Amino acid sequence: AASSAADGTGSRAPAARSRRSSADRRRRSVIARLRATAAAMSADRRLRLAVNHAIDRQAINQSLTLGFSRITGSIIPRDFEFSWTAPLYTYDPAKAKQLLAEAGYPRGLDVDLWTDTGFADQSEAIANNLTAVDIRTKLRVLERAASLTQ
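On a predicted model such as this, the values are computed, not experimentally measured, just so you know.

Participant: What should I look at first to understand the pattern of salt bridges in this one?
Facilitator: Pairing is possible between side chains of opposite charge, provided their charged atoms come close. All chains considered together, the criterion is met by 3 salt bridges. Across the salt bridge formed by aspartate 112 and arginine 140, the nearest N and O atoms sit 3.4 Å from each other. In this pair, aspartate 112 sits in strand β2 (residues 109-116) while arginine 140 sits in strand β3 (residues 135-142), placing the two residues 28 residues apart along the sequence. Judged by its relative accessible area of 17%, aspartate 112 falls in the buried class.

Participant: For this particular structure, what's the right way to read a nonpolar patch on the surface?
Facilitator: A grouping of Ile75, Ile76 and Phe80 is seen on the molecular surface, where their side chains present a nonpolar patch of about 310 Å² in accessible area. In this structure, isoleucine 75 sits in the loop between α4 (57-65) and α5 (93-102).

Participant: Sorry if this is basic, but what is going on with the pairing of β3 here?
Facilitator: As paired elements, β2 and β3 share 8 bridges and run parallel to each other. Each bridged residue has a counterpart across the sheet, and for leucine 109 the counterpart in β3 is isoleucine 135. One crossover worth recording links β2 to the parallel β3 by way of helix α6 (residues 120-132), and it is right-handed.

Participant: Help me out: how do you make sense of the packing of helix α3 (residues 45-54) against α5 in this one?
Facilitator: Across the interface, α3 lies against α5 with an axial gap of 8 Å and an inter-helix angle of 160°. Classified by the angle between their axes, α3 and α5 sit roughly antiparallel to one another. Our pair here, α3 against α5, has a crossing hand that is left-handed. Together, Arg46, Leu47, Leu49, Ala50, His53 and Ala54 of α3 and Pro93, Lys95, Ala96, Leu99, Leu100 and Glu102 of α5 make up the contact between the two elements. Counted by class, the contact of α3 with α5 contains 8 nonpolar, 1 polar and 3 charged residues.

Participant: Teacher, can you tell me more about the nonpolar core here?
Facilitator: Of all hydrophobic cores here, the largest spans 18 residues; its most connected members are Leu47, Leu100, Tyr105, Leu109, Leu130 and Ile135. Those elements that provide at least two residues to this core are α3, α5, β2 and α6. Sort the elements by how many residues they give to this core and α3 lands first, with 5 residues. Excluding its chain neighbours within four sequence positions, the residues that come into contact with leucine 100 are Leu47, Ala50, Tyr105, Pro106, Leu109, Val133 and Ile135.

Participant: What exactly am I supposed to notice about α5 here?
Facilitator: At 3.6 residues per turn, the α-helix brings residues three or four places apart onto the same side. The complete set of buried residues in α5 reads Ala96, Leu99 and Leu100. Angularly, the buried residues of α5 cover 105° about the axis, an arc narrow enough to put them on a single face. Along its buried surface, α5 packs onto α3, β2 and β3. Glycine 104 sits one or two positions beyond α5 and adopts a positive phi of about 100°.

Participant: Help me out: how do you make sense of unusual backbone geometry in this one?
Facilitator: Excluding glycine, residues mostly carry a negative phi; peptide bonds, for their part, are mostly trans. Residues other than glycine seldom take positive phi values, yet leucine 66 does so here, at roughly 55°. The residue leucine 66 is located in the loop between α4 and α5 in this model. Classification of leucine 66 as exposed rests on a relative accessible area of 63%. Backbone geometry places phenylalanine 82, a non-glycine residue, at a positive phi of 65°. Locating phenylalanine 82 in the fold gives a position in the loop between α4 and α5.

What counts and how
Residues numbered from 1 in each chain as written. Predicted model: local features only at pLDDT ≥ 70, side-chain atom pairs only at ≥ 80, totals over all residues. Heavy atoms only, no water. Salt bridge = Lys/Arg side-chain N within 4 Å of Asp/Glu carboxyl O. Helix = DSSP H or I, 4+ residues; strand = E, 2+ residues; numbered from the N terminus. Buried < 20%, exposed > 50% of the residue type's maximum accessible area, 1.4 Å probe, protein only. Patch = residues over 30% accessible without salt bridge, like charges linked within 9 Å, V, L, I, M, F, W, Y side chains within 5 Å. Areas by Shrake-Rupley, 256 points an atom, 1.4 Å probe, with all protein chains shown as cover. Pairing = 2+ DSSP bridges. Right-handed = clockwise from strand over helix to strand, strands pointing away. Axes fitted to C-alpha atoms, helices over the stretch in contact; angles between N-to-C directions. Parallel < 35°, antiparallel > 145°, perpendicular 65-115°, else oblique. Left-handed = near helix turned anticlockwise from the far one by under 90°. Contact = heavy atoms within 4.5 Å. Nonpolar A, V, L, I, M, F, W, Y, C, P; charged D, E, K, R; others polar. Core = buried A, V, L, I, M, F, W, Y, C linked by side-chain atoms within 4.5 Å. Arc of directions from axis to C-beta.

Written out as structure tokens, the structure reads:
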């Protein structure tokens, strides 16, 4: 019994909802949600840049997938028509520390890194990279279903 806009409710059919939920789950799994104790994490560009420069993507690729993963700057596949290949951030811990200081965190900050069990190894490597530049990271690994509600 699929609901549709024809019945006046405007709700989606269960099948459409499950397709959307499946895509949302994949996207949320790929992008580990970085939640900072400071609300400025998402608002201050310097903090976002510091995080990007703190992550050694090549080393993570080598250690976890023996270099077989394709490092991208976006979650959008390159095969999509009109997709834009985003430039990659360089691994530069000194620049990350400088950006943190400029943003008002010369002694670093504390953040929570939420992920699901399927991406715990990548998230742990990212947390280690962030901790090296004084972004003290507490890794919170949840089962897949629980991670979708957080």
